[in-house]
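# Tertiary structure, described
Spelled out, the chains give:
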Amino acid sequence: RRSARDGLVLVRMALEKLQARTGAAIAGFLWLSDDGELKPKQLFPPGASGKVRLSKSLTEVVCRKRHAVWTDTRGVLQSGRNTGTLDDFSEVICVPLVHEATTLGALHLYREQGQFTQQDFDISISLANLLVVALVRARQQALLAFNHSRLMAKSADFDELIGAAYCIGHWYLR
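Notes on the structure follow. (Residues numbered from 1 in each chain as written. Predicted model: local features only at pLDDT ≥ 70, side-chain atom pairs only at ≥ 80, totals over all residues. Heavy atoms only, no water.)

## Quick notes on the pattern of salt bridges
Opposite charge on two side chains permits pairing when their charged atoms draw close. In this structure the tally under the stated criterion is 3 salt bridges. Among the salt bridges present, the one from R12 reaches E16, with a minimum N-O distance of 3.4 Å. Of the two residues, R12 and E16 are both situated in helix α1 (residues 2–22); the distance of 4 residues between them amounts to about one turn of the helix. Among the salt bridges present, the one from D120 reaches R21, with a minimum N-O distance of 3.0 Å. Of this pair, D120 sits in helix α4 (residues 118–154) while R21 sits in helix α1, and the two are 99 residues apart along the sequence. Relative accessible area serves as the criterion here: at 42%, R21 is assigned to the partly exposed category. (Salt bridge = Lys/Arg side-chain N within 4 Å of Asp/Glu carboxyl O. Helix = DSSP H or I, 4+ residues; strand = E, 2+ residues; numbered from the N terminus. Buried < 20%, exposed > 50% of the residue type's maximum accessible area, 1.4 Å probe, protein only.)

## Thoughts on the pairing of strand β1 (residues 26–32)
Among the 7 residues that make up β1, 6 are buried, leaving the element largely enclosed by the rest of the structure. The pairing of β1 with strand β5 (residues 102–111) spans 6 bridges and is antiparallel. Each bridged residue has a counterpart across the sheet, and for W31 the counterpart in β5 is G105. Bridging between β1 and strand β2 (residues 38–44) involves 6 bridges; their strand directions are antiparallel. Its bridge partner being in β2, W31 is matched across the sheet by K39. Hairpin geometry of β1 and β2 is characterised by an intervening segment of 5 residues between the two adjacent antiparallel strands and by a positive phi of about 85° at G36. (Pairing = 2+ DSSP bridges.)

## Describing the sheet that holds strand β3 (residues 69–72)
Across the sheet, 5 strands lie side by side as β2-β1-β5-β4-β3; this open sheet has antiparallel pairing. The sheet terminates laterally at β2 and β3, the two strands that pair on one side only. Each adjacent strand pair in this sheet contributes to an overall mean axis angle of 20°, direction not counted. Running over the sheet, helix α2 (residues 56–65) touches β1, β2, β3, β4 (91–99) and β5 and is turned about 45° from β4. (Axes fitted to C-alpha atoms, helices over the stretch in contact; angles between N-to-C directions. Contact = heavy atoms within 4.5 Å.)

## Some points on the packing of aromatic side chains
Enumeration according to the criterion identifies 3 aromatic pairs in this entry. Centre to centre, the rings of F89 and Y110 are 5.1 Å apart; their planes meet at 45°, and the pair counts as tilted. Within this pair, whereas F89 is found in the loop between α3 (73–78) and β4, its partner Y110 is found in strand β5, the two being separated by 21 residues in sequence. Look at F89 and you get buried, because its relative accessible area is 5%. Positioned over the ring face of F116 is R111, at 5.7 Å from the centre of the ring. (Phe/Tyr/Trp six-rings, centres within 6.5 Å; stacked < 30°, edge-to-face > 60°. Lys NZ or Arg CZ within 6 Å of the ring centre and 35° of its normal.)

Following this line, the structure appears as structure tokens:
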């Protein structure tokens, strides 16, 4: 359970840093749900949830290609693939979170005016790569902790020794 909270804290920190570093108006995070769909999990700044829906069509393109996309929103709007989510933004960066050839999530950055730089794009990709490793590790740690707790509950008093034990050259009876 702690690992899940740690994962959410990591995501919030990553979104906060990306937004500050890139000048994005909004930074968003999607993660793979139990039913196999990418679902929005966090937006930064916190009050942004009523302001934007993360672009589903852009996420689908990025997940299918498994590489980051940086584009102005005019290109997305003219392609007819926009779902009305990008109207108020000048540029967008979308980066997939890929682990062992599986897309587990995506980061979205939306800029209201001006342009992202190549450095913004590069740092977004680098941070996404670090974030996916940290989140996978947090998930594995949570699973290990759960399995450990389950095993501890199943084996009652496994730390009791019954019978004789040999310890440093001497036999001890319990």
